[in-house]
Amino acid sequence: MKKYLGLMFAGLAAYMLTLFLAQRLLAGGVEPDWLRISLSIAPMLPAAAICWIVFRSIARLDEMQRKLQLEALSLAFAGTALITFGYGFLEGIGMPRLSMFVVWPLMAVLWVAGLVIGRIRYR
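About the cut-offs
- Just so you know, the residues in each chain are numbered from 1, in the order the chain's sequence is written.
- The predicted origin of the model limits local features to residues at a pLDDT of at least 70 and limits the giving and counting of side-chain atom pairs to 80 or more, whereas totals for whole chains, interfaces and linings rest on all residues.
- Calculated side-chain values reflect all of the structure's heavy atoms, with hydrogen atoms and water omitted.
- Counting from the N terminus, the helices are the DSSP runs of H or I reaching at least four residues and the strands are the DSSP runs of E reaching at least two.
- We take the radius of gyration over the C-alpha atoms and set the globule estimate at 2.2 Å times the residue count to the 0.38 power.
- Relative accessibility thresholds used throughout: buried, under 20% of the residue-type maximum; exposed, over 50%; partly exposed, between the two (1.4 Å probe, protein chains only).
- The criterion used for residue contact is that any of the two residues' heavy atoms lie within 4.5 Å.
- Where accessible areas are quoted, they stem from the Shrake-Rupley method and a 1.4 Å probe; at the residue level, only the protein chains shown are allowed to cover.
- Residues form patches when they are more than 30% accessible in relative terms and have no salt bridge. Like charges link within 9 Å. Nonpolar side chains (Val, Leu, Ile, Met, Phe, Trp, Tyr) link within 5 Å.
- Each reported salt bridge corresponds to a side-chain nitrogen of Lys or Arg within 4 Å of a carboxyl oxygen of Asp or Glu.

Caption draft 1: A look at the overall build of the protein chain. Counting its regular elements, the protein chain contains five helices and zero strands. Along the protein chain, helices and strands appear, N-terminal first, in the series α-α-α-α-α. The C-alpha atoms of the protein chain give a radius of gyration of 18 Å, which is well past the 14 Å a tight globule of 123 residues would have. With the C-alpha coordinates of the protein chain rotated into their principal frame, the extents come out at 55 × 45 × 15 Å. Put simply, the protein chain has 123 residues, and 22% of those count as buried. Considering only residue pairs separated by 6 or more positions, the protein chain has 70% of its internal contacts joining residues 24 or more positions apart. As displayed, the protein chain has an accessible area near 9,500 Å², and 74% of this comes from carbon and sulfur atoms.

Caption draft 2: Highlighting a nonpolar patch on the surface. Together, Leu 5, Phe 9 and Leu 12 line one region of the surface with nonpolar side chains, adding up to about 290 Å² of accessible area. When you line up the elements, Leu 5 lands in helix α1 (residues 2-27).

Printed below as a string of structure tokens:
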């Protein structure tokens, strides 16, 4: 567990550093389109590493913990789909458009909620 947390914090630190540097460089004005695009998506490299860390940590869990994670992720997936799809209809009647950056935090909150519900249920 300590190894997982250490890797997760390292991944998050790399993500924040990459995001900060990319945003600073983009704010300074970068001319070629390929470089702007590359800088814009550069934070996705450490984000992909974080996903790999999560996948590996779940693969190393025992069966009960994997079941709990699967149920929590199922809730997060379905809940995010329903909420974002439903809000899409509300945008059609004039509600403000939301950035795609809202989706992941919503999914994370629902994942944590699923873990809490599962832990209470499987005490």
